[in-house]
Amino acid sequence: MDTQDLYNLSPAVRLMLMGLVVALGPLAWVWARNKNAPVAQRLRVLTLVTLFLTFDLVVFGAFTRLTDSGLGCPDWPGCYGSASPVGAQLHIDAAQSAMPTGPVTHAKAWIEMIHRYLATGVGVLILTLTLVTWMARREQQPGAGIPTPTSVLSPWWPTATLVWVCLQGAFGALTVTMKLFPAIVTMHLLGGLILLALLRAQSVRYAQGHEQEKPSVMSTANRRFVLAAFAMLWLQIALGGWVSTNYAVLVCTDFPSCQGSFWPSMDFSQGFTLWRELGASHEGGYISFQALTAIHYVHRLAAYVVFAVLMLLALRLHRMRAFRLQARWLAGLMLLQVATGLSNVVLGWPLLAAVGHTGGAAALVVVLTGIVFSSQTSPARARVSSLNASRMSA
């Protein structure tokens, strides 16, 4: 297939219209239920709805990947130049006749296109958030001197989110046109989770702008621990994405050992060569079993550390009244991750457990992002720390 076949933009307008149709329902519901509410409240509700649909999109993206439907339509943005698999029926029939199990079948084509419809709908919602926030910013009366809910709404949050969702669309296109290139697929997964984090942060800011919530104070030590745990979570998710996109889950089917050993034979250099084709080594041959073992086992070893850190964080947060609910969510999600992770290993990577593992990681991102943006250190302590720093520099 040549480059022209990989990118066929003829159905782009119809796909945009499909995305608009997907977005109209949530938009109508938000505006009907909140038509008399302040603009910050409406934007917060719309952000939460968009966050929910983006979470669904991430989980459905995992389902698309795990059912090997990522190439169900081998061109982008449509399916054999059509806006749906209905128009591509003859092409899909021919491909399925040649290879009955895929990568192109009618079921896989529908899975892939539904994923694209959802993604386009989320893009429309984020575009709406951006436009409405900028309009609200312009309608604010300058020079009043009294901060209003609108005055603290930064349009740069939805703008950054809009830019990021456009980048996600580009990664989605590359996922197809570069034939499931592991680094691209992993970045596409991470990009979806970053989109969740941006939306969650945005929803917190809108709530603070509407004065429904105020940042909760925690000690500097606890705040640093939260940020460190947040960074570790992202590293672990990246490692997990690398396991999934390289199909390295089943190289270790026992637990807690791997291949009957607590330190199996591993090739770290080949396993963590990032820029290579799926199934290929950095030298151009097939990737070795030892390399796949390294990919899997590093993720497993890191999981022990991340589990301990996040459970300790949940314990520390539970001692603070303002974060008890988040602490319970954090602990519950970590136990879910352990259950689904072990199921992937000992039950042979069942689809429900694999999709649940990705969904659990996405939920952890949402919870921890909320904690990060709804907390702050004590203003008095921050001033003291700043004063001490200035004295030391003097």
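Up top is the structure these notes are about.
Residues numbered from 1 in each chain as written. Predicted model: local features only at pLDDT ≥ 70, side-chain atom pairs only at ≥ 80, totals over all residues. Heavy atoms only, no water.

Q: Just give me the short version of the overall build of the chain, but keep the residues and values in it.
A: Looking only at helices and strands, the chain has 13 helices and four strands in total. For the chain, buried positions account for 50% of its 394 residues. Considering only residue pairs separated by 6 or more positions, the chain has 78% of its internal contacts joining residues 24 or more positions apart. Of the roughly 19,200 Å² of accessible surface on the chain, 67% is carried by carbon and sulfur atoms. (Helix = DSSP H or I, 4+ residues; strand = E, 2+ residues; numbered from the N terminus. Buried < 20%, exposed > 50% of the residue type's maximum accessible area, 1.4 Å probe, protein only. Contact = heavy atoms within 4.5 Å. Areas by Shrake-Rupley, 256 points an atom, 1.4 Å probe, with all protein chains shown as cover.)

Q: Help me get a handle on the state of the cysteines, residues and values and all.
A: Inspection of the entire model under this criterion finds two disulfides. The disulfide that involves C73 links it to C79, with 2.2 Å between the sulfurs. The chirality of the disulfide connecting C73 with C79 is left-handed, given an S-S dihedral of about -80°. Accessibility classification places C73 together with C79 in one group, the buried group. Between the sulfur of C252 and that of C258 lies a disulfide, 1.7 Å long from S to S. The sign of the -55° torsion about the S-S bond sets the C252-C258 disulfide as left-handed. Take C252 and C258: they sit in the same class, and that class is buried. Indicated for the chain is the disulfide connectivity 1-2, 3-4, based on numbering the bonded cysteines in sequence order. (Disulfide = S-S within 2.5 Å.)

Q: Mind laying out the pattern of salt bridges, listing which residues take part and the relevant values?
A: One pass over the full model with this rule turns up one salt bridge. Notably, a salt bridge pairs E112 with R116, separated by 2.9 Å at the nearest N-O pair. With a gap of four residues between them, E112 and R116 both fall in helix α5 (residues 106-139), about one helical turn apart. R116 carries the same exposure label as E112, and that label is buried. (Salt bridge = Lys/Arg side-chain N within 4 Å of Asp/Glu carboxyl O.)

Q: Describe the nonpolar core, and please don't skip the residues or the numbers.
A: Counting residues in hydrophobic clusters, the biggest one holds 58 residues, and the most contacted among them are L193, L310, L313, L317 and L368. Not counting chain neighbours up to four residues away, the residues in contact with L193 comprise V58, W234, I237, A362 and V365. Judged by nonpolar contacts, the second largest core, of 18 residues, contains I184, V251, A291 and A294. (Core = buried A, V, L, I, M, F, W, Y, C linked by side-chain atoms within 4.5 Å.)

Q: Could you give an account of the packing of helix α3 (residues 39-66) against helix α7 (residues 182-209), naming the residues involved and the relevant values?
A: The description of two packed helices rests on the angle between their axes and on the distance between the axes. Where α3 contacts α7, the two axes come as close as 9 Å, and the packing angle between them is 165°. Looking at the two axes, α3 sits roughly antiparallel to α7. As for how α3 packs across α7, the hand of that crossing is left-handed. On the side of α3, the interface is formed by A40, L43, R44, T47, L48, T50, L51, T54, F55, V58 and R65, while α7 contributes V185, G192, L193, L195, L196, L199, R200, Q202, S203, Y206, A207 and G209. Grouping the amino acids of the contact of α3 with α7 by side-chain chemistry returns 13 nonpolar, seven polar and three charged. (Axes fitted to C-alpha atoms, helices over the stretch in contact; angles between N-to-C directions. Parallel < 35°, antiparallel > 145°, perpendicular 65-115°, else oblique. Left-handed = near helix turned anticlockwise from the far one by under 90°. Nonpolar A, V, L, I, M, F, W, Y, C, P; charged D, E, K, R; others polar.)

Q: Run through the side chain of R65, naming residues and quoting values.
A: With respect to the element layout, R65 can be found in helix α3. One buried charged residue, R65, forms no salt bridge at all, with the nearest opposite charge on D68 at 8.4 Å. A distance of 3.0 Å separates the side chain of R65 from the side chain of S244, its partner in a polar contact. Contact partners of R65, with chain neighbours within four places excluded, come to V185, S244, T245, Y247 and T358. (Lys, Arg positive; Asp, Glu negative; His and termini not counted. Polar contact = N/O pair within 3.5 Å; in protein donor to acceptor, adjacent residues only side chain to side chain.)

Q: Give me the lowdown on a nonpolar patch on the surface, citing residues and values where you can.
A: A cluster of nonpolar side chains, F255, W263, F268, L301, Y304, V305, V346 and L347, forms an exposed patch at the surface whose accessible area comes to about 790 Å². Of the residues forming the nonpolar patch, the biggest block, three residues, is contributed by helix α10 (residues 289-318). Secondary-structure assignment places L301 in helix α10. When its relative accessible area of 32% is taken as the criterion, L301 is described as partly exposed. (Patch = residues over 30% accessible without salt bridge, like charges linked within 9 Å, V, L, I, M, F, W, Y side chains within 5 Å.)

Q: Go over the environment of L27 with me, naming the residues and quoting the values.
A: When you line up the elements, L27 lands in helix α2 (residues 12-33). The exposure class of L27 is buried, given its relative accessible area of 14%. Sequence separation between L27 and F225 is 198 residues, and the spatial gap between their C-alpha atoms is 38 Å. Once residues within four sequence positions are removed from consideration, L27 is found in contact with L46, L125 and T128.

Q: How would you sum up the environment of R324? Please name residues and give values.
A: Within the fold, R324 resides in helix α11 (residues 324-346). According to the relative accessible area criterion, R324 is partly exposed, its value standing at 31%. Placed 151 residues apart in sequence, R324 and A173 show a C-alpha to C-alpha distance of 41 Å. There is a polar contact of 3.1 Å between the side chain of R324 and the backbone oxygen of H318.

Q: For the packing of aromatic side chains, give the residues involved together with the corresponding values.
A: The description of an aromatic ring pair rests on the distance of the ring centres and on the angle between the ring planes. For the structure on display, the rule yields 10 aromatic pairs. Ring geometry for W157 and F373: centres 5.5 Å apart, planes at 80°, overall edge-to-face. Taken together, the residues span a long stretch of sequence, with W157 in helix α6 (residues 156-177) and F373 in helix α12 (residues 351-373) at a distance of 216 residues. Overall, the relative accessible area of 25% leaves W157 in the partly exposed class. Through pairs of rings, three or more aromatic residues link up here, namely W263, F268 and Y297. (Phe/Tyr/Trp six-rings, centres within 6.5 Å; stacked < 30°, edge-to-face > 60°.)

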